[in-house]
Amino acid sequence: MNLLARYIVGEVLRGVAITLAALTSIVAFVDTVAQLGDVGTNDYGFAQAAEFVALGLPAAVVDVLPAAALIGALLALGNLAVHRELVVMRASGVAPTQLLGAVSIAGLMLVVVMVLLGESLAPSLAAYAREMRTRALHNDVDLEGGQSAWLKAGDHILNFRRQEGALEFRGGVFLFELGPRETLTRIARADSADVGLGSDWVLKNYAETRFAYAGPDRLPGRIEAERQREVHKDYGLSPDLLGLAVVREDLLTTPGLKRYIAYLRSNDLDATKYLVAYWLRMANTVSVLLMTVLALPFVFGSLRSAGAGGRLVVGLVIGLAYYVASQMLAHGGEVFGIDPRIVAWTPTAVLLLVTGVAFWRLQRPG
């Protein structure tokens, strides 16, 4: 990498870092305000709320990085254009492809940052933050050795098991139902649980054994057993407590997400939501590079003489449009049964098309 390329890469990364700090600060402020309503509940004080928000910052960085890449690159390259540095580079014989190469290097560095955060700190710290918050808010959660959680809701006792080395309670859900005189009337097990409408549990690979008692002494009588691929139960528990048993796609690393998809498929269970999350993660990673290089033709084109405010507005509009389109397609695709690859890659493909057309217009004579 020559001196000019290093200079451009440094300016772009500096602009993205400043933008990322600003956007992450906004997210942290909004999250802090959202937590204030729970401050003072049981053991959940302001210190715990601040810790919860801080632990979620790596995940926030991953979420806003595509938009920050575009806005930061627009501001950095726009600053070079305002000071006529880009004009001097072009007049000195620097081709647009050389500038593209330098900006692409900065984009690839941002991709590496996104992958490192998204596959290590972000999911693990977010999972720990959610567990910490739930434990502080609900005194009736007992974590035995950190490997299981026990809850009691009326006549139901529930136990969530954690897989070895995992931060999510996805090693199995066990349910015990008590009858009159504390007799055990039902034992059930599910491989995993999800949150349905309201406070419903969606239990997958569900198996239960029911005990019938006869006579005044409540002696054990008939035993019945059944298995179902999926059942819905309502135990009236808080969504925070339900979250302990939910396998959330955003709290899984990519290898963990692939393993869970394979598990769902092997058990003939619906994996659409997790497939969409997997391909969307791939597409968002690519979009960081595309967002970075897209700034270059904009700066040479209609935004050459625009101020920082104009470039900021353009970056926010494109970044917001990409985010909204991704989320709408992700939710709509799951509802209407659209191929997860199409759902995830369509916004990125459009972004790639826009970037290609912009560079073609940049290099067109006249």
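What counts as what
- Residues numbered from 1 in each chain as written.
- Predicted model: local features only at pLDDT ≥ 70, side-chain atom pairs only at ≥ 80, totals over all residues.
- Heavy atoms only, no water.
- Helix = DSSP H or I, 4+ residues; strand = E, 2+ residues; numbered from the N terminus.
- Buried < 20%, exposed > 50% of the residue type's maximum accessible area, 1.4 Å probe, protein only.
- Contact = heavy atoms within 4.5 Å.
- Pairing = 2+ DSSP bridges.
- Salt bridge = Lys/Arg side-chain N within 4 Å of Asp/Glu carboxyl O.
- Phe/Tyr/Trp six-rings, centres within 6.5 Å; stacked < 30°, edge-to-face > 60°.
- Core = buried A, V, L, I, M, F, W, Y, C linked by side-chain atoms within 4.5 Å.
- Patch = residues over 30% accessible without salt bridge, like charges linked within 9 Å, V, L, I, M, F, W, Y side chains within 5 Å.
- Areas by Shrake-Rupley, 256 points an atom, 1.4 Å probe, with all protein chains shown as cover.
- Expected span 1.5 Å × (residues − 1).
- Axes fitted to C-alpha atoms, helices over the stretch in contact; angles between N-to-C directions.
- Parallel < 35°, antiparallel > 145°, perpendicular 65-115°, else oblique.
- Left-handed = near helix turned anticlockwise from the far one by under 90°.
- Nonpolar A, V, L, I, M, F, W, Y, C, P; charged D, E, K, R; others polar.
- pLDDT = per-residue confidence, 0-100.
- Arc of directions from axis to C-beta.

Draft legend 1. The overall build of the chain, seen in detail. Counting secondary structure elements, the chain contains 10 helices and eight strands. Taking all 366 residues of the chain together, the buried fraction comes to 44%. Across the chain, every contact between residues at least 6 apart in sequence was considered, and the portion connecting residues at least 24 apart equals 64%.

Draft legend 2. Spatial organisation of the pairing of strand 4 (residues 173-178). Sheet analysis places strand 4 next to strand 5 (residues 184-190), joined by six bridges and oriented antiparallel. Counted as the bridge partner of Leu178 is Leu184 from strand 5. With antiparallel pairing between neighbouring strands as the criterion, strand 4 and strand 5 make up a hairpin whose turn holds five residues, including Arg181 at a positive phi of roughly 60 degrees.

Draft legend 3. Molecular detail of the pattern of salt bridges. Tallied over the full model, the rule gives nine salt bridges. Among the ionic pairs, Glu11 bridges to Arg14, the shortest N-O distance being 2.6 Å. Taken together, the residues Glu11 and Arg14, both in helix 1 (residues 3-35) and three residues apart, mark about one turn of the helix. According to the relative accessible area criterion, Glu11 is buried, its value standing at 19%.

Draft legend 4. Just the environment of Pro340, in detail. Turning to its location among the elements, Pro340 is positioned in helix 10 (residues 340-363). With 68 residues separating them along the chain, Pro340 and Thr272 place their C-alpha atoms 7.0 Å apart.

Draft legend 5. Inspection of the packing of aromatic side chains at higher detail. Under the counting rule described, the total for this entry stands at two aromatic pairs. Taking 4.9 Å as the distance between ring centres and 75 degrees as the angle between the ring planes, the aromatic pair formed by Tyr260 and Tyr274 counts as edge-to-face. In this pair, Tyr260 sits in helix 7 (residues 254-266) while Tyr274 sits in helix 8 (residues 272-300), placing the two residues 14 residues apart along the sequence. Classification of Tyr260 as buried rests on a relative accessible area of 8%.

Draft legend 6. Here's a closer look at the side chain of Thr254. Mapped onto the elements of the fold, Thr254 is located in helix 7. In this structure, Thr254 is in contact with Glu119, Tyr278, Arg281 and Met282, ignoring residues within four places of it in sequence.

Draft legend 7. Representation of the nonpolar core in the model. The biggest cluster of nonpolar side chains holds 45 residues, and the ones touching the most others in it are Ile8 and Leu77. Elements with a minimum of two residues in this core: helix 1, helix 3 (57-82), helix 4 (85-91), helix 5 (96-137), helix 8, helix 9 (308-336) and helix 10. At 12 residues, helix 3 tops the list of elements feeding residues into this core. Every residue in contact with Leu77, bar those within four places of it in the chain, is listed here: Ile8, Val12, Leu86, Val103, Ala295, Leu296 and Val299. Leu151, Val173, Ala190 and Val231 belong to the second-largest nonpolar core, a separate cluster that totals 13 residues.

Draft legend 8. A look at a nonpolar patch on the surface. A cluster of nonpolar residues, Ile26, Phe29, Val30, Val33, Leu36, Val39 and Phe46, forms a patch on the protein surface that exposes about 660 Å² of accessible area. Top contributing element to the nonpolar patch by residue count: helix 1, with four residues.

Draft legend 9. Layout of helix 8. Across its 29 residues, helix 8 extends 42 Å between first and last C-alpha, which sits within 8% of the 42 Å expected from 1.5 Å per residue. Burial analysis of helix 8 places 22 of its 29 residues in the buried class, the great majority of the element.

Draft legend 10. Inspection of the side chain of Thr348 at higher detail. Here Thr348 is to be found in helix 10. In this structure Thr348 touches Ala283, Val286, Ser287, Leu290 and Tyr322, once residues within four positions along its chain are discounted.

Draft legend 11. Seen up close, the packing of helix 3 against helix 5. It is at 8 Å that the axes of helix 3 and helix 5 come closest, and there the two elements cross at 165 degrees. Our classification of the angle between helix 3 and helix 5 gives roughly antiparallel. Where helix 3 crosses over helix 5, the two elements pack in a sense that is right-handed. For the pair helix 3 and helix 5, contact is made by Pro58, Ala59, Val61, Val62, Leu65, Pro66, Ala69 and Leu77 and by Val103, Leu110, Met114, Leu117, Gly118, Leu121, Ala122 and Leu125, respectively. For the contact of helix 3 with helix 5, the residue count by class is 15 nonpolar, one polar and no charged.

Draft legend 12. Focus on unusual backbone geometry. Despite not being glycine, Asn42 has its phi angle at roughly 50 degrees, a positive value. Within the secondary structure, Asn42 is located in the loop between helix 1 and helix 2 (46-55). The residue Asn205 is not glycine, and still its phi comes out positive at about 55 degrees. Relative to the helices and strands, Asn205 resides in strand 7 (residues 200-214).

Draft legend 13. Structural view of the confidence of the model for the chain. Considering every residue of the chain, the mean pLDDT works out to 81; 81% of them sit at 70 or more. Predicted confidence for residues 164-169 stays below pLDDT 50, and this span has 24 contacts to residues more than four positions away or in other chains.

Draft legend 14. Here's a closer look at helix 7. For helix 7, with 13 residues, the first-to-last C-alpha span of 18 Å sits near the 18 Å given by 1.5 Å per residue. Within the sequence span of helix 7, burial applies to Thr254, Gly256, Leu257, Tyr260, Ile261 and Leu264. Buried residues of helix 7, seen end-on, are gathered within an arc of 155 degrees and therefore sit on one face of the element. Pointing more than 90 degrees away from the buried face of helix 7 are the exposed residues Arg259 and Ser266. Among the residues trailing helix 7, Asp268 stands out with phi positive, at a value near 55 degrees.

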